[in-house]
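Residues per chain are reported as follows:
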Amino acid sequence: MAVMEIARDLALPDWMIFSGAIYQKALNHLTARDPDYGLNDYDLGYFDAADLSYGAEDLAIRRAAAAYPPPLDALVEVRNQARVHLWFEDRFGEPYAPLSSSAEALTRFTSTMFAVGARLEPDGDLRIFAPFGLSDLFALRLVPNPLRQTRGFARTAAAAQARWPELTIA
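Residues numbered from 1 in each chain as written. Predicted model: local features only at pLDDT ≥ 70, side-chain atom pairs only at ≥ 80, totals over all residues. Heavy atoms only, no water.

A separate point is helix α3 (residues 54-67). Side chains three or four residues apart in an α-helix point the same way, a direct result of the helix having 3.6 residues per turn. Relative to the 20 Å expected for 14 residues at 1.5 Å per residue, α3 spans 20 Å between its end C-alpha atoms, a close match to the ideal helical length. What α3 keeps buried is the set E57, A60 and A64. The buried residues of α3 occupy one face: seen down the axis, they fall within an arc of 55°. Buried residues along α3 sit against α1 (2-10), β2 (42-46) and β3 (76-80). (Helix = DSSP H or I, 4+ residues; strand = E, 2+ residues; numbered from the N terminus. Expected span 1.5 Å × (residues − 1). Buried < 20%, exposed > 50% of the residue type's maximum accessible area, 1.4 Å probe, protein only. Arc of directions from axis to C-beta. Contact = heavy atoms within 4.5 Å.)

What follows is the structure in C-alpha cells.
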C-alpha cells in the first residue's frame, strides 16, 4: 500500500501499478509464499501523450525516486505508456502500435495473468484493471494473450513456472 499511496500522491496522469507488482503478489498469496518472493520491482505506468520526450519521462522518474523512501526509491520503475511505441520494437524486435491509455497497455501484456493493474483513487478506493478478468490468475493458469501473440511467451512462461511450479501453462 505504501507504493500505491505515494503513487497516488505523485498524481501522474492516468497512472497505475501493474505487471509483477500485482500478479506476483497475488501468486505469492495463492501459493503461501512470502509476499515479496520473486518481485524485482514495482512497475508504475502513467500516460501522458502531451510530451513524448524522454526528458519529460525522466522528470517523472526522478520525482518518483525522490518521493519513495529507500529501498522503494530504487524498486519503483516509472514509464510513460504513451512513449512505449517509440522504443519497444528496438528493444524487443516486435512492432508496437501507440497506446491511448495506461489501461490499454494491459491488453498488450504477454499473458492474461500478467494483465492486471491497480490504482488507489484520491478517495481511498482501490480500482482494479483486468481486461481479461482475474480467473486465470486465481486458477494459477498462464495463458497467452489472445489479442497479441508474442515470440516471448514460451520463455516468459518457463521463467514464471520456475518460480511458481504450481502454475499450469495453457
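A few words on the sheet that holds β3. With mixed pairing, 5 strands are arranged side by side in an open sheet as β3-β2-β1-β4-β5. Since the sheet does not close on itself, it has two edges, and those belong to β3 and β5 (126-129), each with one partner. Going from strand to strand, the sheet's axes swing by 30° on average, the running direction of each strand aside. With 3 bridges connecting them, strand β1 (residues 16-18) and β2 associate as antiparallel partners. Considered in β2, the bridge of F18 is made with D43. (Pairing = 2+ DSSP bridges. Axes fitted to C-alpha atoms, helices over the stretch in contact; angles between N-to-C directions.)

Now for the pattern of salt bridges. Evaluated as defined, the whole model comprises 11 salt bridges. Ionic pairing is found between E166 and R33, a salt bridge with its closest N-O pair at 2.9 Å. Of this pair, E166 sits in the loop between α8 (153-163) and β7 (168-169) while R33 sits in the loop between α2 (20-30) and β2; the two residues are 133 residues apart in sequence, bridging distant segments of the chain. Since its relative accessible area comes to 23%, R33 is described here as partly exposed. Between D136 and R141 there is a salt bridge; the shortest N-O distance is 2.7 Å. Connected via shared salt-bridge partners are D14, R119 and E121. (Salt bridge = Lys/Arg side-chain N within 4 Å of Asp/Glu carboxyl O.)

It is worth spelling out the pairing of β2 at this point. When you tally the buried positions in β2, you get 5 out of 5 residues, the bulk of the element. Here β2 shows two buried faces, one formed by Y42, L44 and Y46 and the other by D43 and G45. The sheet contact formed by β2 and β3 spans 5 bridges and is parallel. In the sheet register, D43 faces β3, and the bridge partner there is E77.

Bringing the environment of L126 into the picture now. Locating L126 in the fold gives a position in strand β5. Residues L126 and F138, spaced 12 residues apart in sequence, show a C-alpha to C-alpha distance of 19 Å. Every residue in contact with L126, bar those within four places of it in the chain, is listed here: M4, A118, R119 and L120.

Bringing unusual backbone geometry into the picture now. As a rule of thumb, non-glycine residues mostly have phi less than zero, and peptide bonds are mostly trans rather than cis. Cis geometry marks the peptide bond from P70 to P71; its omega dihedral reads 0°. Examined against the element boundaries, P71 turns out to sit in the loop between α3 and α4 (72-75). One non-glycine residue, S19, adopts positive backbone phi at about 65°. As for its position among the elements, S19 is in the loop between β1 and α2. Positive phi outside glycine occurs at L140, with the angle close to 55°. Within the fold, L140 resides in the loop between α7 (135-138) and β6 (141-142).

Applying the stated criterion to the full structure yields 7 aromatic pairs. For the ring pair Y37 and W164, a centre distance of 5.8 Å and an interplane angle of 85° mean the geometry is edge-to-face. Taken together, the residues Y37 in the loop between α2 and β2 and W164 in the loop between α8 and β7 connect sequence positions 127 residues apart. Ring centres 4.7 Å apart and planes at 40° place the aromatic pair F88 and F92 in the tilted group. With F88 and F92 both in helix α5 (residues 84-92) and 4 residues apart, this pair spans about one turn of that helix. The exposure class assigned to F88 is buried, which follows from its relative accessible area of 12%. Three or more aromatic residues joined by ring pairs form one cluster here, namely W87, F88, F92 and Y96. (Phe/Tyr/Trp six-rings, centres within 6.5 Å; stacked < 30°, edge-to-face > 60°.)

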